[in-house]
Amino acid sequence: MSTSAPAVNTLETPVMDSSYSTLLQSITEEGGYAFASMATLAAGGDNHAAEAAKEMAWEQLHSGPWHSVGPIWRDAYSMACLHVARNHFSSGEFKLSLKALDMGLIMGGLTLRDDLNSCIKKVSSALTEKDFSSSNNNNNSTDSTEEGQKKSELFGDQEIISRQHFNLPEVLQLLPSRSLSCKKVGRKSGLSLEGFLRDHFLCGSPVIISDCMVHWPAKNKWNDMNYLKRIAGFRTVPVEVGKNYLCPEWKQELITFSEFLERISSNECPSEDTTYLAQHQLFDQILELRQDILIPDYCFAGDGEIRSINAWIGPAGTVTPLHNDPHHNILSQVVGKKYIRLYPASLSEDLYPHMESMLSNSSQVDLDNIDEKAFPKVLDLDFVDCILEEGEMLYIPPKWWHYVRSLSTSFSVSFWWSDTGNSQGS
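What counts, and where the lines are drawn
- Residues numbered from 1 in each chain as written.
- Predicted model: local features only at pLDDT ≥ 70, side-chain atom pairs only at ≥ 80, totals over all residues.
- Heavy atoms only, no water.
- 1 Å grid on protein atoms, 1.4 Å probe; cavity = no way out; pocket = protein on both sides within 12 Å on 5 of 7 lines; lining within 4 Å.
- Points joined across faces, edges and corners; volume = space filled by probe spheres on them.
- Helix = DSSP H or I, 4+ residues; strand = E, 2+ residues; numbered from the N terminus.
- Nonpolar A, V, L, I, M, F, W, Y, C, P; charged D, E, K, R; others polar.
- Pairing = 2+ DSSP bridges.
- Phe/Tyr/Trp six-rings, centres within 6.5 Å; stacked < 30°, edge-to-face > 60°.
- Buried < 20%, exposed > 50% of the residue type's maximum accessible area, 1.4 Å probe, protein only.
- Contact = heavy atoms within 4.5 Å.
- pLDDT = per-residue confidence, 0-100.
- Salt bridge = Lys/Arg side-chain N within 4 Å of Asp/Glu carboxyl O.
- Axes fitted to C-alpha atoms, helices over the stretch in contact; angles between N-to-C directions.
- Parallel < 35°, antiparallel > 145°, perpendicular 65-115°, else oblique.
- Left-handed = near helix turned anticlockwise from the far one by under 90°.
- Arc of directions from axis to C-beta.

### Points about empty space enclosed by the protein
- For the structure on display, the rule yields 3 cavities of 30 Å³ or more.
- Taken as a whole, the largest cavity holds about 110 Å³ of empty space.
- Lining the largest cavity are 13 residues, and of these Trp312, Asn329, Leu331, His402 and Val404 lie nearest its centre.
- Broken down by secondary-structure element, the contributors of at least two residues to the lining of the largest cavity are strand S8 (319-323), strand S9 (328-335), strand S13 (401-406) and strand S14 (410-418).
- In terms of residue class, the lining of the largest cavity is made up of 6 nonpolar, 5 polar and 2 charged.
- Each pocket or cavity is described by its volume, and for the second largest cavity that value is around 50 Å³.

Now the structure itself:
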């Protein structure tokens, strides 16, 4: 039998193929005998076995706190997702294939990430080609007027936010008490790395840095709904639904990026159903969007090491409650505006942190509705605040408490990094 080129309707997984036996052995050593049996059947094209293996790994991922899950089970989940995706792709079910691959990136381990990314590239290309062919066929069956309308809807420059007049008195009605009445975060243009180190990094002092995102492709691209749908519309992303993560009705969902964009551009969604893509490593998942941003030079201060780059995307009114983070943080405002209030780490005890270890970096105080009897100390505390404008970056030192509210549809990127020295923001 002659050797032929790989079939067009097949996804190649060279990393998984070369490490298959080793991975299965490691999984069985962790008690995954049933998974190994299903994975072996899945490798032979059994879709039911592939789905069963995926479900088994999913259960292991949710068997306890995320940090306690063995890394091999994340690789097992990635493996199962690749099997499921390959079977769907062979059947021409490109959307289902892409969803399985995204789940592998979101929940899986690092070992098979190259396979996942290469498969996503192939599936996305096939899906785009199929969608384009379908669109052409539809256009051929309509008159020229309808065709023009369809092209406008599909390819027109639909801005996610319009450039409306910003009414400060109206905005103040939405913000916590005393907002923009105390000391404001200073703004600096053309801040050198030396100046950042001397005046802000070493002493732990927040600052807004303007004119530092001029060369980001995202500045021109991310307010175009159609660009985002074209690049990432079919991709599956995790979103938060509800007022914020401290509310009992808060939940998480997995939806396509297109559906998410439609939700945040609609004004009909009630506050309890507000949808927010928050603290997600979107740029590790969707590499095309990663090409639209640049890591600021400031993130290498203190011989810094990038810990994570997260996306924060949502409609006006999304709130991240008062909390602190352990790393240096540069919050970059790509689209829209945000109000941000900051309290220094020295005031931690007066901000009533939650007692539970999982929430110890979050305050019990709801700044939008302060319980003055329960939390009297917070009323007179000094803070600094600002409205972070489109195209600006805010440096937040480690352990500084911050509250964030979107004043419009907003796309932000946060860069977390740690330093090798002893400087920690105070």
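### Brief notes about the sheet that holds strand S1 (residues 183-184)
- Read from one edge of the open sheet, 5 strands run S1-S11-S10-S13-S8, paired in mixed fashion. If you trace the sheet from one side to the other, it starts and ends with S1 and S8, each paired once.
- As judged from the 3 bridges shared by S8 and S13, these two strands associate in the antiparallel manner. Across the sheet, the residue bridging to threonine 320 is valine 404, located in S13.

### Points about the packing of aromatic side chains
- Under the criterion given, the structure shown has 16 aromatic pairs.
- Measuring from centroid to centroid gives 4.9 Å for phenylalanine 196 and tyrosine 395, while their planes differ by 80°, and the two rings are edge-to-face. On the criterion of sequence distance, the pair formed by phenylalanine 196 in helix H9 (residues 193-201) and tyrosine 395 in strand S12 (residues 393-396) is long-range, its members being 199 residues apart. There is no split in this pair, since phenylalanine 196 and tyrosine 395 are both buried.

### Notes on the side chain of serine 210
- Here serine 210 lies in strand S3 (residues 207-210).
- Relative accessible area serves as the criterion here: at 17%, serine 210 is assigned to the buried category.

### Looking at the environment of leucine 367
- Relative to the elements of secondary structure, leucine 367 occurs in the loop between strand S10 (338-343) and strand S11 (384-388).
- When its relative accessible area of 5% is taken as the criterion, leucine 367 is described as buried.
- Between the C-alpha atoms of leucine 367 and leucine 175, which are 192 residues apart in sequence, the distance is 8.8 Å.
- Once residues lying within four places of it in the same chain are set aside, the contact partners of leucine 367 are Pro176, Leu322, Arg341, Tyr343 and Tyr403.

### Points about the confidence of the model for the protein
- Taken residue by residue, the protein gives an average pLDDT of 88. The fraction at 70 or more is 87%.
- Element-level pLDDT for the protein is lowest in helix H7 (residues 144-155), with a mean of 42, against a maximum mean of 98 in S12.
- Counting contacts from residues 144-156, a segment whose pLDDT is below 50, to residues more than four positions away or on other chains yields 13 contacts.
- Contacts of residues 422-426 to residues separated by more than four positions or lying in other chains number 17 contacts, the stretch itself having pLDDT below 50.

### Structural notes on the pattern of salt bridges
- Inspection of every chain in the model, using the stated rule, returns 14 salt bridges.
- In this structure, aspartate 199 and lysine 188 form a salt bridge, with 3.7 Å as the shortest nitrogen-oxygen distance. Placement of the pair is aspartate 199 in helix H9 and lysine 188 in strand S2 (residues 187-189), with a sequence separation of 11 residues.
- Residue classification places aspartate 199 among the partly exposed residues on the basis of a relative accessible area of 28%.
- For lysine 188, a relative accessible area of 30% translates into the label partly exposed.
- Each of Lys251, Glu253, Glu259 and Arg263 takes part in one network of salt bridges that share partners.

### Remarks on the packing of helix H1 (residues 14-29) against helix H4 (residues 71-90)
- Across the interface, H1 lies against H4 with an axial gap of 11 Å and an inter-helix angle of 135°. Taken together, H1 and H4 sit at an angle that is classed as oblique. Regarding H1 and H4, the two cross each other, and that crossing is left-handed. Across the interface between the two elements, Met16, Asp17, Tyr20, Leu23, Leu24, Ser26 and Ile27 from H1 touch Ile72, Trp73, Asp75, Ala76, Met79, Leu82, His83 and Arg86 from H4.

### Let's talk about the pairing of strand S7 (residues 305-314)
- The buried count for S7 comes to 7 of 10 residues, which makes it a mostly enclosed element.
- As defined by bridge partners, strand S6 (residues 275-280) adjoins S7 across 2 bridges and the pair is classed as antiparallel. Along S7, the bridge assignment pairs histidine 280 with alanine 311.
- Strand direction decides the pairing type here: S7 and S14, joined by 9 bridges, are antiparallel. Paired with glycine 314 across the two strands is serine 410, which belongs to S14.

### Some thoughts on helix H12 (residues 257-265)
- Phe257, Phe260, Leu261 and Ile264 are the residues of H12 that are buried. Down the axis of H12, the buried side of the element spans an arc of 100°, and every buried residue falls inside it.
- Contacts from the buried residues of H12 go to helix H11 (225-232), strand S4 (236-241), strand S5 (251-256), S6, S7 and S14.

### Concerning the layout of surface pockets
- Of the pockets and cavities examined, the largest pocket occupies roughly 1,900 Å³.
- Those elements that place two or more of their residues in the lining of the largest pocket are H4, helix H5 (94-107), S4, S5, S6, helix H13 (282-285), S7 and S8.
- Among the residues making up the lining of the largest pocket, the classes are represented as 22 nonpolar, 17 polar and 8 charged.

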